[in-house]
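Residue strings, one per chain:
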Amino acid sequence: EAKKLVYSRAKLEGGRNLTLFKEALKAHSGNLARAWRRCLDEDGSMFVTRVELYRAARMLRFQGNVRALWHALDMDDSGITSLE
């Protein structure tokens, strides 16, 4: 029970941060596809690593919880996320 509650709270916080981050990306770049290329995917690999995400968040001066944001994006714990 307690594990489920903690996971649910983390998922909710990650979802809120994801919404805020998408808004920041759109405000900076106009749309998410352009933001992916210009802000997130530094090496053009079509994947974003945790380091790339943290750099983009710092560049955008994102005020949300970047750790929760990363966990919302990297749901399989692979260390990367892609534009889906």
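Here we summarise the structure given alongside this text. What you see is a predicted model; the values in this text were computed from it and never measured. (Residues numbered from 1 in each chain as written. Predicted model: local features only at pLDDT ≥ 70, side-chain atom pairs only at ≥ 80, totals over all residues. Heavy atoms only, no water.)

So, the pattern of salt bridges
Quick note on the threshold: Criterion for a salt bridge: a side-chain nitrogen of Lys or Arg within 4 Å of a carboxyl oxygen of Asp or Glu. Helix and strand definitions here come from DSSP, where helices need a minimum of 4 consecutive H or I residues and strands a minimum of 2 consecutive E residues; each element is numbered from the N-terminal end.
Taken as a whole and assessed by the stated rule, the structure comprises 1 salt bridge. Arg55 is the partner of Glu42 in a salt bridge, and the nearest nitrogen-oxygen pair spans 2.8 Å. On the criterion of sequence distance, the pair formed by Glu42 in the loop between helix H2 (32–40) and strand E1 (47–49) and Arg55 in helix H3 (residues 50–60) is long-range, its members being 13 residues apart.

Section: the nonpolar core
Note the cut-off: Note on terminology: a nonpolar core comprises buried Ala, Val, Leu, Ile, Met, Phe, Trp, Tyr and Cys residues joined through side-chain atoms within 4.5 Å. Summary of the burial criterion: residues with accessible area below 20% of their type's maximum are buried, those above 50% are exposed, and those between are partly exposed, where the area comes from a 1.4 Å probe applied to protein chains only. The criterion used for residue contact is that any of the two residues' heavy atoms lie within 4.5 Å.
Counting residues in each nonpolar core, the largest one holds 16 residues, and the members touching the most others are Phe21, Leu25, Leu40, Leu53, Phe62 and Leu69. Once you skip the residues sitting within four places of it in the chain, Leu40 turns out to touch Phe21, Leu25, Ala35, Val48, Glu52, Leu53 and Ala56.

Let's talk about the packing of H3 against helix H4 (residues 66–73)
Rule in force here: Whenever a helix is involved, its axis is fitted only over the stretch in contact; in every case the axis is a line through C-alpha atoms, and angles between N-to-C directions fall within 0 to 180 degrees. These descriptions rest on fixed angle ranges, namely under 35 degrees for roughly parallel, over 145 for roughly antiparallel, 65 to 115 for roughly perpendicular, and the rest for oblique. Working rule for handedness: look at the near helix, and if it is turned counterclockwise from the far one by less than a right angle, call the crossing left-handed; if clockwise, right-handed. Ten residues, namely Ala, Val, Leu, Ile, Met, Phe, Trp, Tyr, Cys and Pro, are considered nonpolar, four, namely Asp, Glu, Lys and Arg, are considered charged, and the remaining ones, Gly among them, are considered polar.
One can describe the packing of H3 onto H4 by two numbers: an axis separation of 11 Å at closest approach and a directional angle of 135°. Viewed along their axes, H3 and H4 adopt a mutual orientation that is oblique. Handedness of the H3/H4 crossing: right-handed. Counting all contacts with H3, which are made through Arg50, Leu53, Tyr54 and Ala57, the residues of H4 involved are Val66, Arg67, Leu69, Trp70 and Leu73. The residue inventory of the contact of H3 with H4, partitioned by class, reads 7 nonpolar, no polar and 2 charged.

Observations concerning the environment of Gln63
What counts here: Two N or O atoms form a polar contact when they lie within 3.5 Å of each other; inside protein one atom must be a possible hydrogen donor and the other a possible acceptor, and for residues adjacent in sequence the pair counts only when both atoms belong to side chains.
If you trace the backbone, Gln63 turns up in the loop between H3 and H4. For Gln63 and Asn17, which are 46 residues apart along the polypeptide, the C-alpha to C-alpha distance reads 9.1 Å. Separated by 3.1 Å, the side chain of Gln63 and the backbone oxygen of Arg61 make a polar contact.

A few points about the packing of aromatic side chains
Note the cut-off: Only centres within 6.5 Å qualify two rings of Phe, Tyr or Trp (six-membered ring in Trp) as a pair; their planes then separate them into stacked at under 30 degrees, edge-to-face at over 60, and tilted for everything else.
Counting across every chain of the model gives 1 aromatic pair. Each ring, one from Phe21 and one from Phe62, has its centre 5.2 Å from the other, and the planes form 80°; the classification is edge-to-face. Of this pair, Phe21 sits in helix H1 (residues 2–29) while Phe62 is found in the loop between H3 and H4, placing the two residues 41 residues apart along the sequence. Accessibility expressed as a relative area gives 12% for Phe62, which makes it buried.

With respect to H2
Filter applied, for reference: Here the arc refers to the directions that run from the helix axis out to each C-beta atom.
Within H2 the residues assigned to the buried category are Ala35, Trp36, Cys39 and Leu40. All buried residues of H2 fall inside an arc of 110° around its axis, so they share one side. In this structure, H2 carries Arg37 and Arg38 as exposed residues pointing more than 90 degrees from its buried face.

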